[in-house]
Each structure stands twice: as C-alpha cells, then as structure tokens.
Amino acid sequence: MKKISLILSVVFALAVAFTGCKKDTNLTKADIIPQNFKVDIPNSLTNTAVKSAKDGVLNGNDIYGHLTNFIAVGEGAADIVQEIMRAIRQYDLDQAMSFSYQSDEDGRTKNVVIIENSEFEGSTWEYQLTMTDADSETNTDGGKAMQIFWNNSPVKGISILKPYNINREDQNDWSGENSMYRIDYSEIDATYDATMKVYISGLVLPDPSIGDNKFAMETMKMFVGKKGDIIDVFGNSNHPNANFFDENTVGFNWAFAAAGDESNDRAVAEVGLPPSNLDESSRTVLLGDFSIYNVFHDELIDLGYQEADIADYLVNTQAPGYFNNDGFVAAGTAPSDAYANAEASMSNLTPYNPLLISNLSIQFKNDDAL
C-alpha cells in the first residue's frame, strides 16, 4: 500500500537529527533506552497485496483484504517510533540536554530538548524528548514535531508525532498539516508480555470519486498485545466517505478483532462495518449486527434486490475470516486446525466505540517551559 512507504519516510529526518549529536564521551548508558518500542504484527495480518474485485463485484474478499492494509498502516506508524528509539539509544541521548540542527530533509532548523522526570497524563516519566520546528514555535501547535516519554524500568513509553513539523518537504495527498500519530508501548500489562496502542488522526481525505479513494482512512485506533506466540489485535479505522451499494449511506468504521499465531503465521479476524456515527461498545452489535454479511445483505435488500440476485455480493461475508502469509484465504470455516489457537484468542476481543474513533484527536503535552 502506497501509504505505508510514505509514512515510513518520516524516520529519515530523525536520523539526520541524531547524526552528529553523538556524545564524545564513551558512556555506557545504553540500557537506559528501551530496546523495543513496538509489538510486531504477523505478516498474515499486514499483507497489503489486496486482490481487486472480480468483474467489479464488491464482496467479502475486498472487505477482509482491505483490513490488512489498515492494520499495516498502523504498524508502519509503530515502525517509525521503533527507529526513533533506536536512534536515541545509538547516540546516547539519555540525559537532560538541548541542541539545534538544520534538517537536511526540509532545510529548516529543528530544536531538540530532553528533560528528566517529566509529568504527563498522570504519570512521571524518566525522560521526555521534544522536537520543534524552530520557525513554527509561535504557531498554535508550538511547532511541535515530536514528543517521546519513556521509562526503562519498567519499560513503558508514549510517542507523539506530527509529520508536518518534522519534514515540510515530504507532505503528500493523505498526510497533511494536521495529521498526527501516537504510539503507546508497555511491558507491564498483567495479561500480555507487551502491548502497543496505535492512534492516527487528521489524515487528508482524497477525492472520493476517484478509484478506491472513497475508502480512505481518516482516523484509527488499534491495540496490539503479545502473549507467547499469539498476537491479539483489535480496533477501528474510520472512513467518512466510504459507501458500498447505497450511495446515500456514507461513512463507516472498519471495526475488527483479530489474532495471529506467530508459530505458523496464521491469523483469524472478525470485521464489522458500523456507521461512523454509531455510539456503541457492544461486541454483539459491532461485529454481529453490523457484520459484513448483515450490512451487505440489508443494503442490497433495501435497494430492491432479490435473495437469488445477491449471492455474488455475499461471497466470503461470513465470519470469521482466515489469513495466511499470502493474505486472506477463506471465510466462515477454518481451512485447517492451524487456525485454532488464533481463533480462540480472537473470540474474546472487542473493537472500540465507532463514534469515539471517528472523533479521535491526538494532542501534544502543553509544556510552555519547552
């Protein structure tokens, strides 16, 4: 998916920031920086090779296939943060300091400040790193490009990014002035070995009349938790211009619960298509009442189609969907017993309230001292 390669380009500006700032002293503080800051999602849930609808007939294959695209975008945002933390670790940026540099990416001056013992969202963090675009610091957003809060013992952190202030030259059709990303990472959850939450907001919506643009994503929230070989994933992506068969019914969430088994790269997912403005948190409603089958079937019936005429549209609309390393493979019935562990884990997961995701907003810490 084109968006993934574009979102990952943000990290190159950060490599420039840390190159040349490496301290001369040979300090052995690398262990202060967490080695990991993301949970890897199995390839079976991030394969972006979506097959187009045969003969232009939209069916369940396409809905399940697009899900892996949206999950991959979320993982792409987490990859950026992982690389940022590795850069901080590599260049020993592990104590209070400040410096400025001129970005080779957009030619603009960036200011970087690292402080210790920062307060944010009711927690005290061992370190906070803030990067700003110097010429934008009088703007409403303070010119903030990036804020990272982290603890090493136990490992926990929050990273918030605004690509527009990181690199003005790498803007594109979907990532605009107000696009923001947030990754929360923790290794202290009682249920999981490690957890990650991915938030994305303010993506630019392209012209919905062109190609598949109507399915473009504006906001997203996704949880990822690792327990042994099983990776649980659930969340919602909001698509305000999406419609399926009824052109007057516009705006849907891809609400999903999924699990992947790293031991065999098999995955299972349920997908619901609730309206973007639905204020509901029940799994039964989100994945049952608004299942792919129910949404497709009800729209087609309301448009006057007969049961015998809609069979092609309902192909692979059954739940759950099954995935391997090549992507979506089947719906409704497991192709083999290899999916059993993932399916058992997925059945307990619930997406978020669609209305909350549709209205998702990401904010930096308001710290006038920086």
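Just so it is clear, the model here is predicted, and its values are computed rather than measured. (Residues numbered from 1 in each chain as written. Predicted model: local features only at pLDDT ≥ 70, side-chain atom pairs only at ≥ 80, totals over all residues. Heavy atoms only, no water.)

S.K.: I'm lost on the overall build of the protein chain in this one. Help?
M.R.: The secondary structure content of the protein chain amounts to eight helices and 13 strands. Residues classed as buried in the protein chain amount to 55% of the 370 residues present. Put simply, of all contacts in the protein chain between residues at least 6 apart along the chain, 61% involve residues at least 24 apart. Accessible area for the protein chain stands at about 15600 Å²; split by element, carbon and sulfur atoms hold 44% of it. (Helix = DSSP H or I, 4+ residues; strand = E, 2+ residues; numbered from the N terminus. Buried < 20%, exposed > 50% of the residue type's maximum accessible area, 1.4 Å probe, protein only. Contact = heavy atoms within 4.5 Å. Areas by Shrake-Rupley, 256 points an atom, 1.4 Å probe, with all protein chains shown as cover.)

S.K.: What is the right way to look at the environment of I301 in this model?
M.R.: Here I301 shows up in helix α6 (residues 292-302). Look at I301 and you get partly exposed, because its relative accessible area is 32%. The residues touching I301, leaving out its near neighbours within four places in the chain, are E307 and I310.

S.K.: What am I meant to see in the nonpolar core here?
M.R.: Soluble globular proteins: nonpolar side chains tend toward being buried together. Counting 70 residues, the largest nonpolar core has M222, V233, F244, W254, V271, L273 and F296 as its most contacted members. Top contributing element to this core by residue count: helix α3 (residues 60-90), with 13 residues. Non-local contacts of V233, meaning those with residues more than four positions away in its chain, are made with I41, L45, I71, M222, F223, V224, F256, A257, A258 and L349. Grouped together as the second largest cluster of nonpolar side chains are 15 residues, Y192, Y339, M346 and Y352 included. (Core = buried A, V, L, I, M, F, W, Y, C linked by side-chain atoms within 4.5 Å.)

S.K.: I tried to follow the packing of aromatic side chains on my own but got confused; where do I start?
M.R.: Two descriptors summarise a pair of aromatic rings, namely the distance from one centre to the other and the angle between the planes of the rings. Inspection of every chain in the model, using the stated rule, returns 19 aromatic pairs. Taken together, a centroid distance of 4.6 Å and an interplanar angle of 55° make the contact between F244 and F252 tilted. Assigned by exposure class, F244 and F252 land together as buried. Measuring from centroid to centroid gives 5.7 Å for F323 and F328, while their planes differ by 70°, and the two rings are edge-to-face. Grouping residues by exposure puts F323 and F328 together as buried. Joined through ring pairs, the aromatic side chains of F70, F215, F244, F245, F252, W254, F296, Y305 and Y313 make up one cluster. Looking at R182, its charged tip hangs above the ring of Y199, at a distance of 5.4 Å from the centre. (Phe/Tyr/Trp six-rings, centres within 6.5 Å; stacked < 30°, edge-to-face > 60°. Lys NZ or Arg CZ within 6 Å of the ring centre and 35° of its normal.)

S.K.: In this structure, what is going on with the confidence of the model for the protein chain? I would like to understand it.
M.R.: Low pLDDT means the predicted coordinates in that region are not meant to be read closely. The predicted model of the protein chain averages 87 in pLDDT, with 86% of residues at 70 or higher. For the stretch residues 1-30, pLDDT sits under 50, and the model shows 68 contacts to residues farther than four places along the chain or on other chains. (pLDDT = per-residue confidence, 0-100.)

S.K.: What am I meant to see in the pairing of strand β13 (residues 327-331) here?
M.R.: Taken residue by residue, a regular strand's side chains alternate between the two faces of the sheet. In terms of burial, β13 is a largely internal element, four of the five residues being buried. Both strand β12 (residues 321-324) and β13 contribute to a ladder of four bridges, which runs antiparallel. Residue pairing for β13: Y322 is matched across the bridge by A330. Taking the residues that link successive antiparallel strands as the turn, the β12-β13 hairpin has two residues. (Pairing = 2+ DSSP bridges.)

S.K.: What's the story with the pairing of strand β1 (residues 97-102) in this structure? I'm lost.
M.R.: Because side chains alternate across β1, one face comprises the buried residues M97, F99 and Y101, and the other comprises S98, S100 and Q102, none of which is buried. From the end of β1 to the start of strand β2 (residues 109-120), which pair antiparallel, there are six residues, and G107 there has a positive phi angle of about 70°.

S.K.: In this structure, what is going on with the environment of N236? I would like to understand it.
M.R.: Position of N236 relative to the elements: it lies in strand β9 (residues 230-239). Distance from N236 to F70, taken between C-alpha atoms, is 9.2 Å for residues 166 residues apart in sequence.

S.K.: Whenever I open this one, the pattern of salt bridges confuses me. Can you help?
M.R.: One pass over the full model with this rule turns up 13 salt bridges. The partner of K38 in a salt bridge is D40, with the nearest N and O atoms 3.2 Å apart. For K38, a relative accessible area of 8% corresponds to the buried category. Taking relative accessible area as the criterion, D40 reaches 47% and is therefore assigned partly exposed. Among the salt bridges present, the one from D133 reaches R168, with a minimum N-O distance of 3.8 Å. Taken together, the positions of D133 in strand β3 (residues 123-133) and R168 in the loop between α4 (163-166) and β6 (175-186) put the pair 35 residues apart, joining distant regions of the chain. Residue classification places R168 among the buried residues on the basis of a relative accessible area of 19%. (Salt bridge = Lys/Arg side-chain N within 4 Å of Asp/Glu carboxyl O.)

S.K.: Can you help me understand α3 in this one?
M.R.: Because each turn of an α-helix spans 3.6 residues, side chains separated by three or four positions in sequence point in the same direction. With 31 residues, α3 extends 45 Å from end C-alpha to end C-alpha; this agrees with the ideal 45 Å at 1.5 Å per step. Burial within α3 is extensive, with 26 of its 31 residues counted as buried. Taking the backbone nitrogen of N61 as reference, a side-chain oxygen 3.1 Å away marks N59 as the first, capping residue of α3. (Expected span 1.5 Å × (residues − 1). Polar contact = N/O pair within 3.5 Å; in protein donor to acceptor, adjacent residues only side chain to side chain.)

S.K.: What should I look at first to understand α6 in this one?
M.R.: All of the buried residues in α6 are I292, V295, F296, H297, E299 and L300. As for α6, its buried residues are in contact with α3, β10 (252-261) and β11 (266-272). Directly after α6, the chain includes G304, whose backbone phi takes a positive value near 100°.

S.K.: Is there a simple way to explain unusual backbone geometry in this structure?
M.R.: With the exception of glycine, most residues fall at negative phi, and the peptide bonds are largely trans. The residue after S153, namely P154, is reached through a cis peptide bond having omega -5°. Looking at the element boundaries, P154 is found in the loop between β4 (144-152) and β5 (155-161). Residue P320 is bonded to the preceding A319 through a cis peptide linkage, with omega at -5°. Among the structural elements, P320 can be located in the loop between α6 and β12. Positive phi, normally seen in glycine, also occurs at E121, with a value near 55°.

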